[in-house]
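Coordinate analysis (summary)
The lines below spell out each chain.
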Number of protein chains: 2
Amino acid sequence: MIHGADIWTYGDENLIDFSSNINPLGYPEGLREFLFSQFDNVKRYPDIKYRLLKDNLSKYLKISSKNIIAGNGAMELIDLIISRYENIIIPYPSFVEYEIRANIRKINMNLIPPKKDLSLDIERILKEIRRLKDKNGSIIIGNPNNPNGYAIDYSHLTDIHSACMESEVDLILDEAFFEYAELDYDTVEYAESKEFKNIIIIRAATKFFALPGLRLGYSVMQSGLAKIIEDQMNPWSINSFADSASSYIFKDEDYIKKSISFNRMERNYLISELNKFGIFRVYDSKSNFILLKMENSNRKLFEFLLKNNLLIRLCQNFRGLDDRYIRIAVKSRIYNDRLLKLLHDYVNLKS
Amino acid sequence: MIHGADIWTYGDENLIDFSSNINPLGYPEGLREFLFSQFDNVKRYPDIKYRLLKDNLSKYLKISSKNIIAGNGAMELIDLIISRYENIIIPYPSFVEYEIRANIRKINMNLIPPKKDLSLDIERILKEIRRLKDKNGSIIIGNPNNPNGYAIDYSHLTDIHSACMESEVDLILDEAFFEYAELDYDTVEYAESKEFKNIIIIRAATKFFALPGLRLGYSVMQSGLAKIIEDQMNPWSINSFADSASSYIFKDEDYIKKSISFNRMERNYLISELNKFGIFRVYDSKSNFILLKMENSNRKLFEFLLKNNLLIRLCQNFRGLDDRYIRIAVKSRIYNDRLLKLLHDYVNLKS
């Protein structure tokens, strides 16, 4: 599998899907009823300028709607944004679509290996940014990053950004899991400031609001660039359900708070329990998924879990990882305990 | 306005929108409830291969799903397909997005003027196709064409296609309004045949099923090409509501039949009534909209109708047309009569 969440290949919808990083609380309560009260919007073309959607995002992100563009999931925005450069730096391991899209868009890729602990090799990254000076270059980093869940320290962010500013390289941050990270900075604040002018942030409703089928992504950047990119987009690329949902989900403050604290609690629980096994290396995630490294191939564990109706993400198709790595989602306690129980069973079976 | 249906700029949703070519019967009855019952698909990523969607399309179109790709509305497919060529022939007047996308994609355009009656200049088109021999070229034609509603005669289609075959030029047919045209041929049949190998058909649920907000387009072509194009698409570009809707709308044979006969009846009624005015040139549409040419500028009529809560499509931004042209949709009798009444009022006011 190239991606997680491929339950359509691996079995029926009753699988417990630990391969997909979706908010276990499900979409905000009341959304279903709300969208059906708005159903007849489907009879009309969406507002070609998506004024209401942007207004809702503007309030949620606390930035002018001039700095915002919306897309058909984060994917459309990732593709469109990276297509603008001749060169792109991609530190790995990272979301496999960066490479796939850069390949399709015929962008020169500079793939940067991580340090031993899979963290960003900042020195190397700074060097490579400087090498792209005035070469229509960009760098894309997940923040937090998939699959290791690492977020960028503020000091590293400013180092990377300064190098980008000096070299006229654009810094693209894929923040599809941003809400979960509870960082001491909010990159969106920088998009309006002149000092941070070449920062582009991509986020989505997909993961955090548990709405992967809705296809709603958004991006924040300097207003001039937003206008340029928007003028290149296909018209009506966001469907009317996603457009309408923005009037509901981004206003549900209770859901947002609860999702963050719930994930923090369950992630910490899982990390602590997984560490007790002593046979996994557990990467310290800031997101809603956890990368694990096993001593041997993940294949038998994968099959054991699948037989028990539980799907995990094999990680060998992430550049830099191999078949010892797996990624699991943070889910509700009952499922997390089910996973832990099966892992215990598996370990006992083998010993 | 670049497009019709921009009620978001021109006023509220109570406008009678004659600028937008949407089936006046509305979406199939029961669809709302059906999509409600399927709502929780939104919690999961859509099948990355869209197996069920393609199976539904395969049955509707009577062609193997290997020949089908689906997209986020016809727009995504138009953009993606024309982006593959270095050269494109665009007979005009036609859907404004052909030129817009070709410009953005940096494709060389060869814009072919129509004959005096706005029909395709077949001789000129054949000549231009031959000039593109072995130059990675394509031609895109609306069938029926927006804004004049003309469909391609079978004999012209085969002439154009033969020239394309000889010159290795791909023939892209934008058939967003195909169902309404009731032609004596079905282009989809040709996509599987070797004789017609370089034909690419683009259609959509948008217009015929009155679902512009759903964003569901599809394309039919040789299976090898379908695979190549699909491999270049962003993953999950079709939302789960569009995916689910395919299990309902394409099976609703009563709705399909009724929509076609209803449109035929109302179109013929409108054409006949409009001709009685004696002051419009009425273009003989095969679609669900009608192009009209007035003696003078459309501006006063547009404003008069808008004051009376009725929006029409001004056509001066269609290449080859000017401010004497307007396009109206075919709607239900009560609205069609309202339009005719207002046109009479307008004519009487002026005389």
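Scroll up to find the structure.
To start, this report covers the structure provided alongside it. (Residues numbered from 1 in each chain as written. Chains lettered and ligands numbered in written order. Predicted model: local features only at pLDDT ≥ 70, side-chain atom pairs only at ≥ 80, totals over all residues. Heavy atoms only, no water.)

1. Here we look at the sheet that holds strand 9 (residues 281-282) of chain B
The pairing of strands in a sheet comes from backbone hydrogen bonds and takes either a parallel or an antiparallel form. All names here are of chain B. The strand order 9-10-13-12 describes an open sheet built from four strands, whose pairing is antiparallel. In the strand order of this sheet, the two ends are held by strand 9 and strand 12 (313-314), each with one partner. Sheet topology places strand 12 next to strand 13 (residues 325-329); two bridges connect them, and they run antiparallel. For Leu-314, the partnering residue across the bridge sits in strand 13 and is Ile-326. (Pairing = 2+ DSSP bridges. Helix = DSSP H or I, 4+ residues; strand = E, 2+ residues; numbered from the N terminus.)

2. Examining helix 4 (residues 73-82) of chain B
Counting buried positions along helix 4 of chain B yields 10 of 10 residues, so the element is predominantly enclosed. Of all the residues in helix 4 of chain B, the buried ones are Gly73(B), Ala74(B), Met75(B), Glu76(B), Leu77(B), Ile78(B), Asp79(B), Leu80(B), Ile81(B) and Ile82(B). (Buried < 20%, exposed > 50% of the residue type's maximum accessible area, 1.4 Å probe, protein only.)

3. Considerations on the pattern of salt bridges
This structure, assessed with the given rule, holds 38 salt bridges over all chains. A salt bridge links Glu33(B) to Arg32(B); the shortest N-O distance between them is 3.9 Å. Arg131(B) is paired through a salt bridge with Glu128(B); the nearest N and O atoms lie 3.6 Å apart. Here Arg131(B) and its partner Glu128(B) are both found in helix 6 (residues 122-131), three residues apart, which amounts to about one turn of the helix. Salt bridges here are not isolated pairs; linked through shared partners, they connect Asp79(A), Arg101(A) and Arg105(A). (Salt bridge = Lys/Arg side-chain N within 4 Å of Asp/Glu carboxyl O.)

4. Comments concerning the pairing of strand 7 (residues 199-204) of chain A
Residue and element names in this part refer to chain A. Counting buried positions along strand 7 yields six of six residues, so the element is predominantly enclosed. Of the two faces of strand 7, the one holding Ile-199, Ile-201 and Arg-203 and the one holding Ile-200, Ile-202 and Ala-204 are both buried throughout. Judged from the four bridges that link them, strand 6 (residues 169-174) and strand 7 form a sheet pairing that is parallel. Across the sheet, Ile-172 pairs through a bridge with Ile-200, a residue of strand 7. Judged from the four bridges that link them, strand 7 and strand 8 (residues 217-220) form a sheet pairing that is antiparallel.

5. Some words on the interface of chain A and chain B
Taken together, the contact pairs 51 residues of chain A with 51 residues of chain B. Summed over the shared surface of chain A and chain B, the number is 22 residue pairs in polar contact (both at pLDDT 80 or more). Of all the secondary-structure elements, those providing two or more residues to the side of chain A that touches chain B are helix 1 (7-10), helix 2 (31-37), helix 4 (73-82), helix 5 (96-104), helix 10 (223-232) and helix 11 (240-249) of chain A. Examining the composition of the side of chain A that touches chain B, we find that four residues originate from one element, helix 2 of chain A, more than from any other. (Contact = heavy atoms within 4.5 Å. Polar contact = N/O pair within 3.5 Å; in protein donor to acceptor, adjacent residues only side chain to side chain.)

In short, the description is geometric, and any link to function would need to be established separately.
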